[in-house]
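Breakdown of the fold
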Amino acid sequence: MSLSFDPSSVALPRGHFIGGEWIDARDGIDLHRPSDAAAFAACPIADAALVDRAVAAAKQALATSGWSRVAPRERARALHRWADLIEAEAEALARLEAVASTRPITELMTGDVPVTAEQIRFFAEFADKEGGNLVPTGSDSFGMIATEPYGVVGAITPWNFPINMAGWKLGPALAAGNAIVLKPSEMTPFATLYLAELSVRAGLPAGLINIVLGDGRTTGTAITGHPGIAKVSFTGSTVAGAAIMENIARTGIKPMTLELGGKSPQLVFADADLPLAAGAIARSILGNAGQACVAGSRLIVAESVAEELVALIVERMRTVRPGPTWDAASAYSPIISERQICRMEGIVDAAVARGASCRLGGERLGHAGYFYAPTVLEGVDAASPAVTEEIFGPVLTVQRFREEEEGLALADHPTYGLCAGLYTRVLSRALRAVNRLQAGTVWVNRYGRSRDHILPTGGYKQSGLGKDLGREAYLANRKSKSVLIAL
């Protein structure tokens, strides 16, 4: 059975989801499908009063359900039931996501949706396996470090992988005993809304998950500055992350996790397996049309193998199959919006004006919607906007080096430090480079996480604070308390 579908046949959720109920709201931001640029829906904007209502519902759910106090294994069982239902409703979730987002239906069915269910299960297992610690003290006392949930967590997720990013926030917060108020991107809210409805159907207490729709300026500001929200978790741009930090500092100090932008290097030494490197690099920049904070968008390659490697990458990047996200044959994503594709064009044009050349692409594709050709920019310098700015599109820059030290220096971006790719057959060189690369994640002879939820993700420099995924994400949703008892 084909996964292809007619986007007009998909019934979209309307309004917000608060306290286990739908709050109807139809007017707001006009939405356009990335695949064909057609207007198809509107996203309402929750004001401060509605965010108050969501926070109150979250607090009420915690109080009446005892979610934070029940036996931890009961929380785990409830989350496993939810994960089962996510898998059972995979096609419905995938269709909701495909209509509004840049994610092709086939990738959603084989990747995003089952991975989200896996994330929920992964964090569920921390509920009864992570606790406090006994600590060594004098013989006249007993010391321990206890942990407990924050209460209500506020979360904001981006548009590029909507359901996965919701899983990143919801899984650890709920497993740790919290309730949550989450704002998905105003451009891609629909699958996240249905995810929340499924949680209630799976038996999670109504009000434990509350989804409020809106933009960053109004709704996001209300969430991050709300006195009833004890902790904030955000994934998005560095600019937005800075605004959130400012708002939190102005309205009341609280802990935050910020997973922000990236401009990740792909460092290829002369001894590397070039076909392997070419495949990994091409996939990293073609995946979701480069619309990922971890996209490996800066190729830094030894001069002696640069021409051979770039030719291999270009050969792979020419083979994309663009098409609407609701067509099962499509294997290359559109850009999220006209605004974003115009910004990308501006950066590429500015790089060319500074002397760069397009080895491949550098233009829109002739399709309905917002499609941009896979692009390889050669002859860029360190000050080029294509090197300094996060493009968030399928644009790969090429810089060459002669000596190892020069390559490592080029890899060190002045602003970002989210991820890095490294390709070499020499173990000692790999270890030296891993120690030098200023990035929160380094992949060696590969690029990108698989389904390894145990490895945390988070950046250095302006790429963020704290970690998502892994044990660290669970612990980030619990606060610690030192206890010393006299004997």
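An account of the accompanying structure is given in this report. Predicted, not measured: the structure shown is a model, and the values here were computed from it.

Rules of the game
- Numbering of residues begins from 1 in every chain and follows the order in which that chain's sequence is written.
- pLDDT decides what is reported in this predicted model: residues at 70 or higher carry local features, side-chain atom pairs at 80 or more are listed and counted, and totals for whole chains, interfaces and linings draw on all residues regardless.
- Water and hydrogen atoms play no part in the side-chain values, which are based on all heavy atoms of the structure.
- Here a helix means four or more residues in a row that DSSP labels H or I, a strand means two or more in a row labelled E, and each is numbered from the N terminus.
- Throughout, radius of gyration means the C-alpha value; the globule benchmark is 2.2 Å times the number of residues raised to the power 0.38.
- Each residue is placed in one exposure class: buried if its accessible area under a 1.4 Å probe, protein chains only, is under 20% of its type's maximum, exposed if it is over 50%, and partly exposed if it falls in between.
- Contact between two residues is taken to exist if any of their heavy atoms lie within 4.5 Å; hydrogens are not considered.
- Per-residue and other accessible areas follow the Shrake-Rupley method at a 1.4 Å probe size, with only the shown protein chains counted as cover for residues.
- In this tally, Lys and Arg are treated as positive and Asp and Glu as negative; His is ignored, and so are the chain termini.
- Charge coordinates come from a single atom per side chain, which is NZ of Lys, CZ of Arg, CG of Asp or CD of Glu.
- Within 6.5 Å between ring centres, the rings of Phe, Tyr and Trp (the latter by its six-membered ring) count as paired, and their orientation is classed by plane angle as stacked under 30 degrees, edge-to-face over 60, tilted in between.
- Here, nonpolar core means buried Ala, Val, Leu, Ile, Met, Phe, Trp, Tyr and Cys residues that are tied together by side-chain atoms lying within 4.5 Å of each other.
- For each structure, a 1 Å grid was placed over the protein atoms alone; sets of points admitting a 1.4 Å probe that cannot get out are labelled cavities, open sets with protein on both sides within 12 Å along at least five of seven lines are labelled pockets, and lining residues have an atom within 4 Å of a point.
- Grid points are joined across faces, edges and corners, and a volume is the space filled by probe spheres set on the points.
- The nonpolar class holds Ala, Val, Leu, Ile, Met, Phe, Trp, Tyr, Cys and Pro. Asp, Glu, Lys and Arg form the charged class, and all remaining residues, Gly among them, are polar.
- Residue count minus one, scaled by 1.5 Å, sets the expected span of a helix.
- We define a salt bridge as a contact between a side-chain nitrogen of Lys or Arg and a carboxyl oxygen of Asp or Glu at a distance within 4 Å.
- A strand pair is defined by DSSP finding two or more bridges across the two strands.
- Every axis corresponds to a line fitted to the C-alpha atoms, with the helix fit spanning only the stretch in contact, and the corresponding angles, defined between N-to-C directions, vary from 0 to 180 degrees.
- In what follows, roughly perpendicular refers to angles from 65 to 115 degrees, roughly parallel to angles under 35, roughly antiparallel to angles over 145, and oblique to any angle outside these ranges.
- Handedness of a helix crossing follows the sense of rotation of the near helix relative to the far helix, less than a right angle counterclockwise being left-handed and clockwise being right-handed.

**Structural notes on the overall build of the protein chain**
Each helix and strand counted, the protein chain has 15 helices and 22 strands in total. Relative to the compact-globule value of 23 Å for 487 residues, the protein chain shows a C-alpha radius of gyration of 23 Å, a close match. Dimensions of the protein chain along its principal axes, counting C-alpha atoms only, are 70 × 65 × 45 Å. Considering the protein chain as a whole, with its 487 residues, one finds that 56% of them fall into the buried category. Long-range contacts, defined here as pairs at least 24 residues apart, represent 74% of the contacts in the protein chain between residues at least 6 apart. Carbon and sulfur atoms form 54% of the exposed surface of the protein chain, whose accessible area is close to 18,800 Å². When the 47 basic and 50 acidic side-chain charges of the protein chain are each reduced to a single mean position, those positions are 4 Å apart.

**Things to note about the packing of aromatic side chains**
Counted according to the given criterion, the structure contains nine aromatic pairs. Considering the side-chain rings of Trp-159 and Phe-392, the 5.4 Å spacing of their centres and the 85° angle between planes classify their relative orientation as edge-to-face. Taken as a pair, Trp-159 in the loop between strand S7 (152–156) and helix H5 (162–175) and Phe-392 in the loop between helix H12 (385–388) and strand S16 (395–401) lie far apart in primary sequence, 233 residues in all. Of the residues examined, Phe-392 reaches a relative accessible area of 17% and is grouped as buried. Relative to Phe-401, the ring of Phe-269 lies with its centre 5.6 Å away and its plane at 80°, an arrangement referred to as edge-to-face. In this pair, Phe-269 is assigned in the loop between strand S12 (265–268) and helix H9 (274–286) and Phe-401 in strand S16, connecting sequence segments 132 residues apart. Overall, the relative accessible area of 3% leaves Phe-401 in the buried class. Pairwise contacts between aromatic rings join Phe-122, Phe-123, Phe-126 and Tyr-474 into one cluster.

**Let's talk about the nonpolar core**
Counting residues in each nonpolar core, the largest one holds 90 residues, and the members touching the most others are Trp-82, Leu-93, Leu-170 and Leu-174. Apart from residues lying up to four places away in sequence, Trp-82 is in contact with Ile-120, Leu-170, Leu-174, Leu-195, Leu-198, Ser-199, Ala-202, Leu-204 and Ile-209. If you look at the next biggest cluster of nonpolar residues, it comprises 64 residues, including Ala-282, Ala-302, Val-305 and Val-398.

**What about empty space enclosed by the protein?**
Rolled over the atoms, a probe with the dimensions of a water molecule shows which regions are left empty. According to the stated counting rule, one finds four cavities of 30 Å³ or more in the structure shown. In this structure, the largest cavity is lined by 18 residues; those nearest its centre are Pro-265, Arg-298, Ala-411, Tyr-416 and Gln-438. Of all the elements in the fold, those that place two or more residues in the lining of the largest cavity are helix H13 (404–411), strand S17 (416–417) and strand S18 (419–423). Residue composition of the lining of the largest cavity, grouped by class: nine nonpolar, five polar and four charged.

**Brief notes about helix H8 (residues 238–251)**
The end-to-end C-alpha distance of H8, which contains 14 residues, comes to 20 Å, matching closely the 20 Å that a straight helix rising 1.5 Å per residue would cover. Where H8 is concerned, the buried positions are Thr-238, Gly-241, Ile-244, Asn-247 and Ile-248. Next to the buried residues of H8 lie S7, helix H7 (216–224), strand S10 (231–235), strand S11 (256–259) and S17. At the C-terminal side of H8, Gly-252 shows a positive phi close to 140°.

**A closer look at the pattern of salt bridges**
Side chains that differ in sign of charge can pair as their charged atoms come close. One pass over the structure, following the stated rule, counts 34 salt bridges. As a salt-bridge pair, Arg-402 and Glu-303 come within 3.0 Å of each other at their nearest N and O atoms. Separated by 99 residues along the polypeptide, Arg-402 in the loop between S16 and H13 and Glu-303 in helix H10 (residues 303–317) bring together distant segments of the chain. Relative accessible area serves as the criterion here: at 66%, Arg-402 is assigned to the exposed category. Classification of Glu-303 by relative accessible area gives partly exposed; the value is 39%. Residue Arg-343 is joined to Glu-389 by a salt bridge in which the shortest nitrogen-to-oxygen separation is 3.8 Å. Separated by 46 residues along the polypeptide, Arg-343 in helix H11 (residues 338–353) and Glu-389 in the loop between H12 and S16 bring together distant segments of the chain. The class of Arg-343 is partly exposed, set by a relative accessible area of 34%.

**Some thoughts on the layout of surface pockets**
Of the volumes computed, that of the second largest pocket is approximately 160 Å³. Take the lining of the second largest pocket: its biggest share by element is four residues, from strand S3 (residues 29–32).

**Let's talk about the pairing of strand S6 (residues 141–149)**
Summarising the sheet, strand S5 (residues 133–135) and S6 pair through three bridges and their orientation is antiparallel. Looking at S6, one finds that Asn-133 is bridged to Ile-145. The turn linking S5 back onto S6 is made up of five residues. Note: S6 against strand S22 (residues 478–486), nine bridges, orientation antiparallel.

**A word on the sheet that holds S6**
Taken together, three strands build an open sheet; the order of strands is S5-S6-S22 and the sheet is antiparallel. Either end of the sheet is taken by a strand with one partner, and the two such strands are S5 and S22. Averaged over all pairs of adjacent strands, the angle between their axes in this sheet comes to 25°, without regard to strand direction.

**Some words on the packing of helix H4 (residues 105–124) against H5**
At a minimum axis separation of 8 Å, H4 and H5 run at an interaxial angle of 15°. Relative to H5, the element H4 lies roughly parallel. H5 is crossed by H4, and the crossing has right-handed handedness. Facing H4, whose interface residues are Asp-112, Val-113, Val-115, Thr-116, Gln-119, Ile-120, Phe-123 and Ala-124, H5 presents Ile-163, Asn-164, Gly-167, Trp-168, Gly-171, Pro-172 and Ala-175. For the contact of H4 with H5, a count of residues per class yields nine nonpolar, five polar and one charged.

**Quick look at the sheet that holds S12**
The seven strands lie next to each other as S14-S15-S16-S13-S12-S18-S19, forming an open sheet whose pairing is mixed. The open sheet has two free edges, formed respectively by strand S14 (357–360) and strand S19 (441–444), since each of these has just one partner strand. Neighbour to neighbour, the strand axes of the sheet diverge by 25° on average, direction disregarded. Note that strand S15 (residues 375–378) and S16 share three bridges and pair parallel. Among the inter-strand pairings, Val-376 is bridged to a residue of S16, identified as Leu-396.

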